[in-house]
Amino acid sequence: MPPAPPGSTRPNAPPFRDPDVRIRPDGIHLSGTASAAIFRYTVRATLVPEVRDGRFRLAVTQLDTGGMPGFLGQQVSDLIAQAADPGAWALPVLVTDVLLREGCGVVRGTASD
């Protein structure tokens, strides 16, 4: 099995392989495989973009960790929530809306200081 791509693992988190991201009108759908010891778990999540007070965020509306033990599932949930926090991206934009279509997404707004 090939090594995990750079950036796909974090301390105390199971390695994540074979990521698949699909943008659909109802949200951004993520899936992949997480490994723990000799076990592999299919992980699926749906992120829905929201705009609140000019700030863009991604709400995790669905998460399935494929039967992963609770403590590992919580780590996966925490990592997805961190990665889905655009506040950490420091985007200099006041967002007015977000549009999703099959295969693409648009974030509209104006530059801010």
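These numbers come from a predicted model, not from an experiment.

## A look at the packing of aromatic side chains
Here comes step 1: For the structure shown, the criterion picks out one aromatic pair.
Here comes step 2: On the numbers, 6.5 Å between centres and 40° between planes, the contact of F39 with Y41 is tilted.
Here comes step 3: By relative accessible area, which is 12% here, Y41 ends up buried.

## Description of the pairing of strand 5 (residues 93–101)
Regular strands place their side chains on alternate faces of the sheet.
Here comes step 1: Sheet topology places strand 5 next to strand 6 (residues 104–111); eight bridges connect them, and they run antiparallel. For R101, the partnering residue across the bridge sits in strand 6 and is C104.

## Overview of the sheet that holds strand 2 (residues 27–36)
Here comes step 1: On the basis of which strands lie adjacent, the open sheet formed by four strands has the order 1-2-3-4 and antiparallel pairing. The two strands at the open ends of the sheet, each matched to only one other strand, are strand 1 (16–24) and strand 4 (55–64). With strand direction ignored, the average angle separating the axes of adjacent strands in the sheet is 25°.
Here comes step 2: In this sheet, strand 2 lies alongside strand 1 in antiparallel orientation, the contact comprising seven bridges. Bridged to V21 within strand 2 is L30.
Here comes step 3: Of the strands in this sheet, strand 2, strand 3 (39–52) and strand 4 touch helix 1 (residues 70–83), which is tilted by about 35° from strand 3.

## Description of the confidence of the model for the protein
Here comes step 1: Across the protein, the average pLDDT comes to 83, with 87% of residues at 70 or higher.
Here comes step 2: Predicted confidence is poor over residues 1–10, with pLDDT under 50, and the contacts of this stretch with residues over four places away or in other chains come to 14 contacts.

## Remarks on the environment of V21
Here comes step 1: Looking at the secondary structure, you find V21 in strand 1.
Here comes step 2: Ignoring any residue separated from it by four or fewer positions in sequence, one finds V21 in contact with I28, H29 and L30.

## A short note on the nonpolar core
Here comes step 1: Within the largest apolar cluster, 16 residues are counted, with the highest numbers of intra-cluster contacts made by I28, V43, L47, L58, M68, V76 and I80.
Here comes step 2: Of all elements in the fold, only strand 2, strand 3, strand 4, helix 1 and strand 5 reach the threshold of two or more residues within this core.
Here comes step 3: Per-element accounting of this core gives the leading share, four residues, to strand 3.

## Focus: the pattern of salt bridges
Here comes step 1: This model, assessed by the stated rule, comprises six salt bridges.
Here comes step 2: Here R108 makes a salt bridge to D97, at a shortest N to O gap of 2.7 Å. Residue R108 is found in strand 6, and its partner D97 is found in strand 5; the two are separated by 11 residues along the sequence.
Here comes step 3: You can call R108 partly exposed: its relative accessible area is 40%.
Here comes step 4: We classify D97 as partly exposed; its relative accessible area is 22%.

The rules behind the values
- Residues numbered from 1 in each chain as written.
- Predicted model: local features only at pLDDT ≥ 70, side-chain atom pairs only at ≥ 80, totals over all residues.
- Heavy atoms only, no water.
- Phe/Tyr/Trp six-rings, centres within 6.5 Å; stacked < 30°, edge-to-face > 60°.
- Buried < 20%, exposed > 50% of the residue type's maximum accessible area, 1.4 Å probe, protein only.
- Pairing = 2+ DSSP bridges.
- Helix = DSSP H or I, 4+ residues; strand = E, 2+ residues; numbered from the N terminus.
- Axes fitted to C-alpha atoms, helices over the stretch in contact; angles between N-to-C directions.
- Contact = heavy atoms within 4.5 Å.
- pLDDT = per-residue confidence, 0-100.
- Core = buried A, V, L, I, M, F, W, Y, C linked by side-chain atoms within 4.5 Å.
- Salt bridge = Lys/Arg side-chain N within 4 Å of Asp/Glu carboxyl O.

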